Amino acid sequence: MSPPPPFGRSRKRAAQAFDAALDDAELIAARAALAQGRWQAARGLLAGTGDDWDRRGHRVTVLAAEAYSDAWARDWLLAEPDSADAAVLLALALVQRVLRGKGKPPGAREACLAAAGLAPADPTPWLGLLLLERDLGAGDEVVRIFGEVRHRYADHHHAHHLMVARLAEQRAEAGPDPLHEVYDFANWAAEEAPADSPLAILPVIAHAERYRALAAAGHEPPDPAASGHWTGRRARQVMKSAFDWWLEWEHEGHPRRLIDLNFLAHAKVCEGRGAEAAALFHRIGEHPTPAPWSYPDRDPYPAFRAARHSALGTA
């Protein structure tokens, strides 16, 4: 038997497997330029994105995660003090610093509000605040900020995912609750959205996030496939509705569709529906996402590969 690969090499390969940019080639190129201090590429990217709010939120969030994006955004603002794009990049970069434990929340909040003042119609500064307050903020404040996002763009994909993740954690210590508010929220959002909106998948996201919270509280096994969480009558109906929606409305162009596909594939694996999971893995290709393969506390890349190999029948 050959020895396992060195731990460091395995870690490096896993890190390379997960790219928050997903399959956005223009974003990947602009991010590489920004990492070298060439903010003009980010300027062109965001100008070209316009008011495609899901894509703008996705691109700004990924650019902001770069280690020195706050410094480059400040340089950009020095050159163009009235640039809403530079202001929102700086705001989300400061949010990312706080989330990494390297910044102070008041400065990030102030930057988000300043960016919102420069572009009143843009939900992205409010997305930054929601990212910040998802863990730090009181419930009423989180709901208020989510309302600001929805007021500007009612179907905001990332904002709905953040709200589901937060709601799923409420009262996890009390154990399973089929009437938990996260399910009601996800169903409401899916019903309110247009028929072709990817928010139709939100009940699946809610199901996975609730499993994560329950498993962390000791109410579900650490192996999701060993859990009955996906096999009850209600869960099966949620999975069927979401898969049927995907078959009819698959969105090749949505910037965050691969996140939905990973959640849906994970659900189908846990449900034991290998053929349906295989179709989703073919669409995912080489774009796995850490969530939900990491749930509740797993190494996501091996979990993804094992699930994909099982579904596709590959070694």
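Quick caveat, the model's predicted, so the values are computed rather than measured.

*Asks:* Could you give an account of the overall build of the protein, with specific residues and numbers?
*Replies:* Scanning the protein from terminus to terminus reveals 17 helices and zero strands. In summary, the protein has a C-alpha radius of gyration of 20 Å against a globular reference of 20 Å for 315 residues, a match within 12%. Across its three principal directions, the C-alpha atoms of the protein cover 55 × 50 × 35 Å. Classification of the 315 residues of the protein by burial places 51% in the buried group. The long-range fraction of contacts in the protein, counting pairs at least 24 apart against all pairs at least 6 apart in sequence, stands at 65%. Accessible surface, the protein as shown: approximately 14,600 Å² in total, 54% of it carbon and sulfur. Positive and negative charge centroids in the protein, built from 36 and 42 side chains respectively, lie 6 Å apart.

*Asks:* I'd like to hear about the environment of arginine 56, residue by residue, with values.
*Replies:* Counting through the fold element by element, arginine 56 comes out in helix 4 (residues 53–64). With 68 residues separating them along the chain, arginine 56 and threonine 124 place their C-alpha atoms 7.3 Å apart. When residues no more than four places from it in sequence are discounted, the contact partners of arginine 56 are Leu46, Thr49, Gly50, Ala84, Asp85, Val88, Asp122 and Thr124. Of note is the side chain of arginine 56, whose polar atom sits 2.8 Å from the side chain of aspartate 85. Looking at arginine 56, its side chain comes within polar contact range of the side chain of aspartate 122, at 2.7 Å.

*Asks:* Just give me the short version of the confidence of the model for the protein, but keep the residues and values in it.
*Replies:* Of the residues in the protein, 94% have a pLDDT of 70 or more, and the chain-wide mean is 93. Every residue in residues 1–12 is under pLDDT 50, and counting partners more than four places away or in other chains gives one contact.

*Asks:* Go over the environment of glutamate 276 with me, naming the residues and quoting the values.
*Replies:* In this structure, glutamate 276 sits in helix 15 (residues 274–284). Along the primary structure glutamate 276 and tryptophan 53 are separated by 223 residues, whereas in three dimensions their C-alpha atoms are 31 Å apart. Apart from the residues within four sequence positions on either side, glutamate 276 is in contact with Phe243 and Lys268.

*Asks:* Break down helix 11 (residues 181–192) for me, with residues and values.
*Replies:* Helical periodicity: at 3.6 residues per turn, an α-helix aligns residues three or four positions apart in one direction. Its twelve residues give helix 11 an end-to-end C-alpha distance of 16 Å, which sits within 8% of 16 Å, the value for a rise of 1.5 Å per residue. Of the positions making up helix 11, those classed as buried are Val182, Tyr183, Phe185, Ala186, Ala189 and Ala190. Axial view of helix 11: buried residues confined to an arc of 165°, hence all on one face. Relative to its buried face, helix 11 has exposed residues pointing more than 90 degrees away, namely Glu191 and Glu192.

Basis of the calculations
- Residues numbered from 1 in each chain as written.
- Predicted model: local features only at pLDDT ≥ 70, side-chain atom pairs only at ≥ 80, totals over all residues.
- Heavy atoms only, no water.
- Helix = DSSP H or I, 4+ residues; strand = E, 2+ residues; numbered from the N terminus.
- Rg over C-alpha atoms; globule rule 2.2 N^0.38 Å.
- Buried < 20%, exposed > 50% of the residue type's maximum accessible area, 1.4 Å probe, protein only.
- Contact = heavy atoms within 4.5 Å.
- Areas by Shrake-Rupley, 256 points an atom, 1.4 Å probe, with all protein chains shown as cover.
- Lys, Arg positive; Asp, Glu negative; His and termini not counted.
- Charge placed at Lys NZ, Arg CZ, Asp CG, Glu CD.
- Polar contact = N/O pair within 3.5 Å; in protein donor to acceptor, adjacent residues only side chain to side chain.
- pLDDT = per-residue confidence, 0-100.
- Expected span 1.5 Å × (residues − 1).
- Arc of directions from axis to C-beta.

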